[in-house]
Amino acid sequence: MSRRVTESVFLSGEYKSRERASNKALILGGDEYGIRIAELLTREGVPSTVLIGPDETPPKDSRVEIIQGSILSSSGFIGNFDVCIQESNDHYERKFGFIIAAQPAFRASKNRLFSLSDSENVWSLSAFRKHLDSGGRLPERKGPWLHIAFFFDLKGASEISQFEELLSILDRLEAFDQVQSYVFANNLKVSSEGLDAWYRDHRRRGVVFFKFDSDDPQISFRNKELVIEFVEPLLKEEMELTPDLIVLDEILGPSPSIRPILEMIPSWPSSAPYLQPESTRFNGVETQKAGVFAVGPARGVFDQRSLRADIEAARVSILQALPELSSLIVKETAFIDRNKCTFCLTCVRLCPHGAIGFDFRPEVDPMSCKSCGVCVVECPMSAIEIRPANAEMIEESKTAPLKLFVCSHSGLQAVSKINSNFLTDVEIIPLPCAGSISPNMMLKALQEGAKGIVVAGCFKGNCASIYGSTLADSRVAQMVQTFQSVRMDKVKIEFVYLAGNTPDRIVDAITRMKK
Amino acid sequence: MKKDVLIVGGGITGLSLAWELSRLEVDSILVERAPVLGGHVSQLTCKATDACQKCGACLLEDYLSKLSHINNLPLLVNSRIDSFDEAHGKFKTLVFQGQSKIINEKCDDCGLCKKICPVDGALFHAAFDSKLYLSNEKCINALGVHCEACAQICPQGAVDLHESRDIEIETSSIAVCSGFTPFDASQKPRLGFRRTPGVFTTIEIDSLLRSNNFEPVLNQEELKSIAFVQCVGSRDPKSGANYCSQICCGVSVRLARLLKSRFPELEITIFYMDIQTFERQFDETMRQAVKDMTFIRSMPSEIRTGENGRPEIIFQGNDDVKQSIPYDMIVLSIGIRPGRPDLPRNFPAMWKNREGFIGSDDQDVAAGHPGIFVAGTAQGPKSITNCVSQAIFAASRIKRYLDRTKKGEFK
């Protein structure tokens, strides 16, 4: 999360009173992780409720409140989420301060990809593990040996956690006599502690691993028997195997039940189906929207060991947010002028952080607002401004031949690395996000005598406001086109994508301008 | 000086831990032995092509700029812990801080000081800003031997030599974020590192790109083919690493894509065992990567100088036949080895996990002694983003530990 340098005490009657802010947390997903988070938070004085899916089994004794049901819809902001819950035949609304999505992973069977239907000889990895865990038996064998073929990472990438599951099944199979296991795989996923040594152990003890690059082994039925036909990868010879049992891994994904939470965030398509954008700007379990956190599968992490870090990260994030909930200091945020607003809801639909809601009129939630300024530029009525920063920014105008608009994330960091001698005739204008560059700002810069304008924002996929830099890029492109259409070719405007550690991209752009 | 937490190591983990702790209102102090903050990450290049590749190298700049707004958080460079004492759950440490430095504003990089310095590596250029730095860890003057060779020869007066000072620090907790050691590729002589011209490591290529020195290394016109060799010093029990280093697949594929975007004519080959998932759209990335470059599932048995002085790779190819292919450049994707934290001899013994790193076997941040925690690559191989995740994990645990000790639950 970024914090702007200037934080001012700015109170206004326009804000809804924060007195009614709730400090309760709703945790979605009731496996051991959901319960653990709820217990940790309750101990910190954050009353927590766990919502478990209708088809999950609730844990027997736990010290936290558990509801079995599903979310119909949710809306609101940190400290004030209204969640509509369906519980058996009843549905009702409840208020929470935080929402943590910690549902177990959704597993999709790969049977269809291999043109197989469910049969007693075809198992999924998780089902087979559960079967063995509950003391289940192995099927009847045709010969003296039972042959089991595992498929891993073929037809769709698999996760580390599934390789761990496979290895633990192989461990269990050692208790049975005369079982031969084969693993047909693309890439073995060993990038977690201990997995490579564990895999080596099994290979040494007789499990056969075949690794394929592209030619997937084919599974078919012949005389009601399963047959695997494949080209042995090392010898390049055609072979076939008739196993007694085939175990396929599954495709893992986030639970579809995060959908109502996703829909609270207008920029969700950029991260879907996950709740957290895949950007290094979002660390730990934070998402674009304040007060909403994604744990484990909801953010694309399936490794059980990493999940423990996520649980602690959820606790830290809430502990860090709690004092802000009751604080009277309000950072600079977007303000909507009621007299100008025509209720077009552009801002509501566009805010990357889901910080603008609609409650008779569009309203900005000061705690969720990251003051990126995307709404300010996009508002067709110019009814929004960031207060109080904008005023300061416009006043200090110089007459430099080159104007450099930089975002306060990557851009400013990169500029700080450039030798100041190089920037003598360049005026640097920091923006909260490149996405807040408006055509007016560029025109004003030209009016003040600028010969060239460079706008710099984060690389695609690294913008703290998701699509801020992309919006800026297209606005600059539009500007260039406009000038070209009126034959004003001398005006130089350029957009540069960069990161905090690539100052040379600015240097290059300025050098191009100076020519 | 009294603080809550002493953070050992100013790499990405230590810095992100300092930031997270400050947000939990925990007072910390950080010591780093190098003259610059950032550790290994400060050598790494941004790998964005036309879009971000999610390598996380820019997180360092992010944390440094966030931390610069925080008051009362000393980040001590050129420092090491000299002595250690524990009493009543409090840790007393004496930090020895070097005060000598190069004044970057005056330095015009003439190179005279570097020539006259009797110690190899005491003066060095940092990859991230190409400026000259003085390592107080290596400088003999900082260690107490009288030597002012560099200061006397510098025509600009840019060398500022000072006596080192001692700082007493008392904390309730210590977080060890001392990082890793990159595998020394010359330990595998058959792979030709430092023997065969044209053989580099991923870290070298990364820092050449970072400091914009890549193009001079090999003439662009001569550079037509590059091969990456995966798992050098990883997944290799014989060389002492019975584990996967977790980061190298991502590093190589991202570097390969970056090079391909800069030099579209370049032919790239990757020798590998298994490609590990390094991002969420892994399937899509690989589908694209397979179009742009060649993947060969084989581990080279030897790299030697072939005809025309180009390095060539000998490997078991299809049908189990020995093959050799020459390349213009060969990059060894080196693994992560346990770090060598510079701690006093009486520092409490910490757990060692099965991989030889500090801590337990399950990515926990406990180090095996009350009040001492471990995070980042000191605990095991990790990507930059996972280091940050574990720093948040450690911040949570440290906060809880401090709350409990204040309540008097431990004594």
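The rules behind these values
Residues numbered from 1 in each chain as written. Chains lettered and ligands numbered in written order. Predicted model: local features only at pLDDT ≥ 70, side-chain atom pairs only at ≥ 80, totals over all residues. Helix = DSSP H or I, 4+ residues; strand = E, 2+ residues; numbered from the N terminus. Rg over C-alpha atoms; globule rule 2.2 N^0.38 Å. Buried ≥ 20, exposed ≤ 12 C-beta atoms within 10 Å, placed from the backbone. Contact = placed C-beta atoms within 7 Å. Domains from an automatic or database assignment. Axes fitted to C-alpha atoms, helices over the stretch in contact; angles between N-to-C directions. Left-handed = near helix turned anticlockwise from the far one by under 90°. Nonpolar A, V, L, I, M, F, W, Y, C, P; charged D, E, K, R; others polar. Pairing = 2+ DSSP bridges. pLDDT = per-residue confidence, 0-100. Core = buried A, V, L, I, M, F, W, Y, C linked by C-beta atoms within 7 Å. Expected span 1.5 Å × (residues − 1).

**Q** Sorry, what's going on with the overall build of chain B here?
**A** A count of helices and strands for chain B gives nine helices and 23 strands. Relative to a compact globule of 411 residues, whose C-alpha radius of gyration would be 22 Å, chain B shows 23 Å and is just as compact. Projected onto its principal axes, the C-alpha positions of chain B cover 70 × 55 × 40 Å. Counting all 411 residues of chain B, 51% fall into the buried class. Long-range contacts, defined as pairs at least 24 residues apart, comprise 69% of the intrachain contacts of chain B with a sequence gap of at least 6.

**Q** Would you take a moment to explain the overall build of chain A for this structure?
**A** The secondary structure content of chain A amounts to 13 helices and 26 strands. Across the 515 residues of chain A, 47% fall into the buried class.

**Q** Just checking my understanding: could you explain the domain arrangement of chain A for this structure?
**A** In terms of domains, chain A is made up of domain 1 (25-104 + 254-326), domain 2 (107-252), domain 3 (334-389) and domain 4 (397-514). Each of domain 2 of chain A and domain 4 of chain A was reduced to a C-alpha centroid, and the two centroids are 55 Å apart.

**Q** Help me understand the packing of helix H2 (residues 125-133) of chain A against helix H3 (residues 160-173) of chain A, please; the structure alone is not making it clear to me.
**A** Geometrically, a packed helix pair is captured by the angle between its two axes and the distance between the axes. All names here are of chain A. Where H2 meets H3, the closest approach of the two axes is 10 Å, and the angle between their N-to-C directions is 35 degrees. The two elements H2 and H3 cross, and the hand of that crossing is left-handed. In this structure, H2 uses Leu-125, Ser-126, Phe-128, Arg-129 and Leu-132 to contact H3, whose residues at the interface are Gln-162, Glu-165, Leu-166, Ile-169 and Arg-172. Of the residues in the contact of H2 with H3, the class split is five nonpolar, two polar and three charged.

**Q** I would appreciate a short explanation of the sheet that holds strand E14 (residues 225-232) of chain A in the present structure.
**A** Sheet strands line up and pair through hydrogen bonds in the backbone, either parallel or antiparallel. Residue and element names in this part refer to chain A. What the three strands build is an open sheet, ordered E13-E14-E15; its pairing is antiparallel. Both edges of this open sheet fall to strand E13 (218-222) and strand E15 (237-241), since each of them pairs with a single strand only. With direction set aside, neighbouring strand axes in the sheet form an average angle of 30 degrees. Here E14 pairs with E15 via five bridges, running antiparallel. Counterpart to Glu-232 in the pairing with E15 is Glu-237.

**Q** Honestly, the domain arrangement of chain B in this entry has me stumped. Any pointers?
**A** Much of the literature gives interface size as the accessible area that the parts lose upon coming together. Residues and elements named next belong to chain B. By domain assignment, chain B separates into domain 1 (5-98 + 164-179 + 339-407) and domain 2 (184-335). Placing a centre on the C-alpha atoms of domain 1 and another on those of domain 2 gives a separation of 31 Å. Each partner contributes to the interface: domain 1 provides 12 residues, whereas domain 2 provides 16 residues.

**Q** Explanation requested: the pairing of strand E20 (residues 356-359) of chain A in the structure shown.
**A** The two faces of a sheet get side chains in turn, since along a regular strand they alternate between them. Residues and elements named next belong to chain A. As defined by bridge partners, E20 adjoins strand E21 (residues 361-364) across four bridges and the pair is classed as antiparallel. Across the sheet, the residue bridging to Gly-357 is Glu-363, located in E21. Two successive antiparallel strands, E20 and E21, enclose a turn made up of one residue, where Phe-360 displays a positive phi of approximately 70 degrees.

**Q** Would you explain the interface of chain A and chain B in this entry?
**A** Tallying the contact residues gives 48 residues for chain A and 51 residues for chain B. Listed by contribution, the elements that provide at least two residues to the side of chain A that touches chain B are helix H4 (195-204), helix H6 (304-326) and helix H10 (410-415) of chain A. No other element matches H6(A), which puts 10 residues into the side of chain A that touches chain B. The class makeup of the residues in the side of chain A that touches chain B is 15 nonpolar, 18 polar and 15 charged.

**Q** Mind showing me how you'd approach the confidence of the model for chain A here?
**A** When pLDDT is averaged along chain A, the result is 88; 93% of the residues meet or exceed 70. In the predicted structure, residues 389-395 of chain A sits below a pLDDT of 50 and forms three contacts with residues beyond four places in sequence or in another chain.

**Q** Help me understand the sheet that holds strand E16 (residues 294-296) of chain B, please; the structure alone is not making it clear to me.
**A** All names here are of chain B. Reading across from one edge, E13-E20-E14-E15-E16 is the order of the five strands in this open sheet, with parallel pairing throughout. With one partner strand each, in any of the chains shown, strand E13 (199-201) and E16 form the two edges of the open sheet. Ignoring strand direction, the axes of neighbouring strands in this sheet form an average angle of 25 degrees. In terms of strand pairing, strand E14 (residues 225-232) meets strand E15 (residues 267-271) through five bridges, oriented parallel. From the neighbouring strand, Ala-227 faces E15, where its bridge partner is Thr-269. Along the sheet, helix H7 (residues 248-262) makes contact with E14, E15 and strand E20 (329-334), crossing E14 at roughly 170 degrees.

**Q** Quick question: what am I supposed to make of the environment of B:Ile140 here?
**A** Residues and elements named next belong to chain B. Residue position: Ile-140 is located in the loop between strand E8 (132-134) and helix H4 (149-153). When the C-alpha atoms of Ile-140 and Lys-322 are compared, they prove to be 51 Å apart, with 182 residues separating the residues in sequence. Discounting residues that sit within four places of it in the chain, Ile-140 has contacts with Val-119, Val-145 and Cys-147.

**Q** So what exactly am I meant to see when it comes to the nonpolar core here?
**A** Where a protein is soluble and globular, its nonpolar side chains tend to be buried together. Within the largest apolar cluster, 170 residues are counted, with the highest numbers of intra-cluster contacts made by A:Ile100, A:Ala101, A:Val295, A:Ala456 and B:Ala175. Not counting the four nearest positions on each side in its chain, A:Ala101 is found in contact with A:Leu28, A:Ile258, A:Ile261, A:Leu275, A:Ala294, A:Val295 and A:Ala298. Ranked by size, the runner-up nonpolar core spans 48 residues in total, among them B:Ala227, B:Cys249, B:Met293 and B:Met329.

**Q** I'm lost on the environment of A:Tyr274 in this one. Help?
**A** Among the secondary structure elements, A:Tyr274 is positioned in the loop between helix H5 (259-262) and strand E18 (292-294). Sequence spacing of A:Tyr274 and A:Ser73 is 201 residues, and the spatial spacing of their C-alpha atoms is 17 Å. Ignoring anything within four residues of it in the chain, the contact list for A:Tyr274 reads A:Pro254, A:Ala294, A:Ala298, A:Arg299, A:Gly300 and B:Arg280.

**Q** Would you mind going over helix H12 (residues 468-485) of chain A with me for this structure?
**A** Residue pairs spaced three or four apart in an α-helix point in one direction, given the helix's 3.6 residues per turn. Residues and elements named next belong to chain A. With 18 residues, H12 extends 26 Å from end C-alpha to end C-alpha; this agrees with the ideal 26 Å at 1.5 Å per step. The complete set of buried residues in H12 reads Gly-468, Ser-469, Thr-470, Leu-471, Ala-472, Asp-473, Arg-475, Val-476 and Met-479. As for H12, its buried residues are in contact with helix H8 (374-378), helix H11 (439-447), strand E25 (452-458) and strand E26 (492-498). Directly after H12, the chain includes Arg-487, whose backbone phi takes a positive value near 60 degrees.

**Q** What exactly am I supposed to notice about unusual backbone geometry here?
**A** A negative phi holds for most residues other than glycine; trans holds for most peptide bonds. Following A:Ala272, the chain continues into A:Pro273 via a peptide bond in cis, with omega recorded as 5 degrees. Among the secondary structure elements, A:Pro273 is positioned in the loop between H5 and E18. Here the phi dihedral of A:Phe360 falls at roughly 70 degrees; this positive angle occurs in a residue that is not glycine. By secondary structure assignment, the location of A:Phe360 is in the loop between E20 and E21. Unusually for a residue other than glycine, B:Asn78 sits at a positive phi of about 55 degrees.

**Q** Even after reading the chapter, I still don't get helix H9 (residues 384-407) of chain B, so can you show me in this structure?
**A** In this model, H9(B) (24 residues) spans 35 Å end to end at C-alpha, consistent with the 34 Å of a helix rising 1.5 Å per residue. With 18 of 24 residues buried, H9(B) lies mostly within the body of the structure.

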